[in-house]
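Summary of the model geometry
Here's the letter readout for the chains.
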Amino acid sequence: MAEYLVTLIGISILISVIGMITPLKEKKYTRLVCTLCLLCVILKPLPEILGSEIIPMLSSDLIFEEKGDGEDELYQEIYNNTVRDASAQRIAEGLHAMIAKDIGLPAESFEVKVEIDDSGGYITVKKVSVLIKEGAVTKDPHKIVAYLETMLECKCEIIYV
């Protein structure tokens, strides 16, 4: 209770000093802000007096439950899987655009699938599969494989669908 009274007296003195040094133009707004601050200090012990069950939002003794280790691990696993899948998709989209541009395959005539490895904290491309549809059967698959293996330094395969 002594802390509360010291705080109340301190805020009252501070409000008085602020009121004395405030220019006349801003006195109205300064008085409003200072009154709201004083009101907050006055109402601070209200939950303790009335009981925190009556006014739970004003209670300063909020209890937050911490998650168990199992939930953190599950969240981390879901997060890692999502990042891995999104990365694989973005890499596949980028490779698709590069193959279409550099090799000259029509974009609708093939698909790119990417297998990535995220062990060790870094995402690396482990394997690239190019699924060639009917329209691009005439293109040389060795050129595509050489292009991807040189660029990514990983295994590359061509699959005719």
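Structure: see above.
Summary of the structure given here. (Residues numbered from 1 in each chain as written. Predicted model: local features only at pLDDT ≥ 70, side-chain atom pairs only at ≥ 80, totals over all residues. Heavy atoms only, no water.)

Strand order in the open sheet formed by three strands is β1-β2-β3, with mixed pairing between adjacent strands. Single-partner strands in this sheet number two, and they are β1 (110-117) and β3 (155-160). Each adjacent strand pair in this sheet contributes to an overall mean axis angle of 20°, direction not counted. Of the strand pairs in this sheet, strand β2 (residues 124-132) and β3 are connected by six bridges, and their pairing is parallel. Pairing of L131 across the sheet is with I159, part of β3. Contacts from helix α5 (residues 141-152) reach β2 and β3 within the one sheet, and its direction differs from that of β3 by about 150°. (Pairing = 2+ DSSP bridges. Helix = DSSP H or I, 4+ residues; strand = E, 2+ residues; numbered from the N terminus. Axes fitted to C-alpha atoms, helices over the stretch in contact; angles between N-to-C directions. Contact = heavy atoms within 4.5 Å.)

Taken as a whole, this structure holds four salt bridges when the rule is applied. If you follow the salt bridges from partner to partner, you end up with E111, K113 and K133 in one network. (Salt bridge = Lys/Arg side-chain N within 4 Å of Asp/Glu carboxyl O.)

Attention now goes to helix α2 (residues 27-43). For α2, spanning 17 residues, the distance from its first C-alpha to its last is 24 Å, which sits close to the expected 24 Å at 1.5 Å a residue. Summarising the contacts, the buried residues of α2 are in contact with α1 (2-21). (Expected span 1.5 Å × (residues − 1).)

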